[in-house]
Amino acid sequence: SVLEATITAIRNALGNGGKAAAPTTSAFDSEAAARAVRRLMSLVEAGDGDSADLVEEVATALGGKVDPVRIDRLRDSVTEFDFEQARTELMQIASDCHLLLGR
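Residues numbered from 1 in each chain as written. Predicted model: local features only at pLDDT ≥ 70, side-chain atom pairs only at ≥ 80, totals over all residues. Heavy atoms only, no water.

**A word on the packing of helix 4 (residues 68-79) against helix 5 (residues 83-96)**
The packing of two helices is summarised by the inter-axis angle and the distance between the axes.
Turning to step 1, where the next piece is worked out: It is at 8 Å that the axes of helix 4 and helix 5 come closest, and there the two elements cross at 150°. Regarding the angle of helix 4 to helix 5, the classification is roughly antiparallel. Here helix 4 and helix 5 pass one another in a crossing that is left-handed. Here helix 4 contributes Arg70, Ile71, Arg73, Leu74, Ser77 and Val78 to the contact with helix 5, which in turn contributes Phe83, Gln85, Ala86, Glu89, Leu90, Gln92, Ile93 and Asp96.
Turning to step 2, where the next piece is worked out: Across the contact of helix 4 with helix 5, the residue classes tally to seven nonpolar, three polar and four charged. (Axes fitted to C-alpha atoms, helices over the stretch in contact; angles between N-to-C directions. Helix = DSSP H or I, 4+ residues; strand = E, 2+ residues; numbered from the N terminus. Parallel < 35°, antiparallel > 145°, perpendicular 65-115°, else oblique. Left-handed = near helix turned anticlockwise from the far one by under 90°. Contact = heavy atoms within 4.5 Å. Nonpolar A, V, L, I, M, F, W, Y, C, P; charged D, E, K, R; others polar.)

Okay, structure coming up:
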């Protein structure tokens, strides 16, 4: 709760509520999307703070196939270091998009 005001101030200073601009929609390529989700999943499972850098890549790879609200929840989970929630979101996204995450 102590950091909540700071987080809000940072998001407001960044504009757009701290959310990145909506990714450009491209054709959905399930193999590229699965690769991007697998890479992000490996960072999330490792608790790696660099996972935030891959969220936009995943959003772009999904080509608008996933509700932007779900991408926002994933982005928020990662930026707030809630890796368990981020993993849950990624698993749901993979399931909804019928992506195979096996290595």
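Picking up after the structure, the text goes on.
**Here we look at the packing of aromatic side chains**
Turning to step 1, where the next piece is worked out: All chains considered together, the criterion is met by one aromatic pair.
Turning to step 2, where the next piece is worked out: Taken together, a centroid distance of 6.0 Å and an interplanar angle of 70° make the contact between Phe81 and Phe83 edge-to-face. (Phe/Tyr/Trp six-rings, centres within 6.5 Å; stacked < 30°, edge-to-face > 60°.)

**A few points about the packing of helix 2 (residues 30-45) against helix 5**
Turning to step 1, where the next piece is worked out: Running from N to C, helix 2 and helix 5 cross one another at 160°; their axes reach a closest spacing of 9 Å. In terms of their interaxial angle, helix 2 and helix 5 are classed as roughly antiparallel. The chirality of how helix 2 crosses helix 5 is left-handed. Residues Val37, Leu40, Met41, Val44 and Glu45 of helix 2 form the contact with helix 5, whose participating residues are Phe83, Ala86, Arg87, Leu90 and Met91.
Turning to step 2, where the next piece is worked out: Counted by class, the contact of helix 2 with helix 5 contains eight nonpolar, no polar and two charged residues.

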